[in-house]
Each structure stands twice: as structure tokens, then as C-alpha cells.
Amino acid sequence: MISRLAIAAGMLVAVLGAFPHTAQAQVPTINIQETCKAAAGVMVNLMGGSTSQNDVQICLETENKARDQLAKDWATFKPSDREGCIQANQYLPSYVEWLTCFEMNKVVREARQQQGRGISGITNPDGSVTLPRVRAGRFYY
């Protein structure tokens, strides 16, 4: 007969094991094999020579690390950032690109918060920023 403790432990393992998969399930899945092969081909066209399996492998490893980081941090991303950064239907979508987008948005928000009052005078109602005119010589551009 299975003890209650064993049943409780099994249930706990099942529940805890479900959470990482839940977070990862929210990150859209893309075909990184296709993305990495195409990226390696572009580099061959730009740099000459030929692509190697090592180039594709490095790309795959980098993409997988970025996907793992996205899954880990998914709950911390703002819904507006998810909508703006995740473009799964674009040509050659990339987890690295998406992660970079999230990080850039975070840095911009933090910079705006630090400057606070300093940029409030140049922030437009729609949230965009209009920088002051720059003087070059005696002409304004």
C-alpha cells in the first residue's frame, strides 16, 4: 500500500515540475534550425567562403540559451513589450532578437524613470520624445 507521504511527495513533484513547462509554453516556438541555416548562408554571402556546421551549431546554442532566458523571465515582461517584441510570423524570427528587444525596452524605461523630470518637458502626449534643435554654426536643422 502506498503511504500518504509518498502520494503527497509525488503530487508535489508533479506540481513543481509543471511550472517550468508552463512558462516555456508561453514563449512562441520558432524553427531555429531554419533561422540558423539562413543566417549562416547570409554570412557566407557577405564574407565569402563557405558555411560550416559549426556556424549553425553556434547559432543553435545561442538561440536555445536565449529561449531559456525568455522562458525564465517571461512573467516579468510587460504585455505591451510581448506584443511589440514577439514577431513569430516575420522572416527568420529569432529568440536572441526578441530577448534583445525586451532588454532594450527595459533599459529605456529605467533611463526615463531616472531622468524623470528632466525629460518631462520634451515628452509628447503620445509618449514619443522630441529633442531640442541642434545648432550647427549659425543654422538650425
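Only a predicted model underlies this, so the values are computations on that prediction, with no experimental measurement involved. (Residues numbered from 1 in each chain as written. Predicted model: local features only at pLDDT ≥ 70, side-chain atom pairs only at ≥ 80, totals over all residues. Heavy atoms only, no water.)

1. Observations regarding the overall build of the chain
Next, step 1: Secondary structure summary: the chain contains six helices and two strands in total.
Next, step 2: Along the chain, helices and strands appear, N-terminal first, in the series α-α-α-α-α-α-β-β.
Next, step 3: Sequence separation of at least 24 residues holds for 58% of the intrachain contacts in the chain that already meet a minimum separation of 6. (Helix = DSSP H or I, 4+ residues; strand = E, 2+ residues; numbered from the N terminus. Contact = heavy atoms within 4.5 Å.)

2. So, the pattern of salt bridges
Next, step 1: Under the defined criterion, the tally for this structure stands at two salt bridges.
Next, step 2: Of the charged contacts in the structure, one is a salt bridge between Arg-109 and Asp-81, with a shortest N-O distance of 2.5 Å. Here the residue Arg-109 occupies a position in helix 5 (residues 95–115), and Asp-81 occupies one in helix 4 (residues 79–85), the gap between them amounting to 28 residues.
Next, step 3: Close ionic contact of Lys-106 with Glu-110 constitutes a salt bridge, the shortest N to O distance being 4.0 Å. With a gap of four residues between them, Lys-106 and Glu-110 both fall in helix 5, about one helical turn apart.
Next, step 4: Overall, the relative accessible area of 49% leaves Lys-106 in the partly exposed class.
Next, step 5: Glu-110 sits in the partly exposed class, given a relative accessible area of 37%. (Salt bridge = Lys/Arg side-chain N within 4 Å of Asp/Glu carboxyl O. Buried < 20%, exposed > 50% of the residue type's maximum accessible area, 1.4 Å probe, protein only.)

3. Some thoughts on the packing of helix 2 (residues 32–47) against helix 3 (residues 53–73)
In a pair of packed helices, the angle between the axes and the distance between the axes together describe the arrangement.
Next, step 1: The N-to-C vectors of helix 2 and helix 3 enclose an angle of 135 degrees; their axes lie 9 Å apart at closest approach. With respect to helix 3, the axis of helix 2 lies oblique. Read as a crossing pair, helix 2 and helix 3 show a hand that is right-handed. Seen from helix 2, the contacting residues are Ile-32, Gln-33, Cys-36, Lys-37 and Ala-40; seen from helix 3, they are Asp-55, Val-56, Cys-59, Leu-60, Glu-63 and Asn-64. (Axes fitted to C-alpha atoms, helices over the stretch in contact; angles between N-to-C directions. Parallel < 35°, antiparallel > 145°, perpendicular 65-115°, else oblique. Left-handed = near helix turned anticlockwise from the far one by under 90°.)

4. Some points on the confidence of the model for the chain
Next, step 1: On average, residues of the chain score 74 in pLDDT, and 65% of them are at 70 or above.
Next, step 2: For the chain, the element scoring lowest by mean pLDDT is helix 1 (residues 4–26), at 44; helix 3 scores highest, at 92.
Next, step 3: Within the model, pLDDT remains below 50 along residues 1–25, and this stretch shows six contacts once partners closer than five positions in the same chain are excluded. (pLDDT = per-residue confidence, 0-100.)

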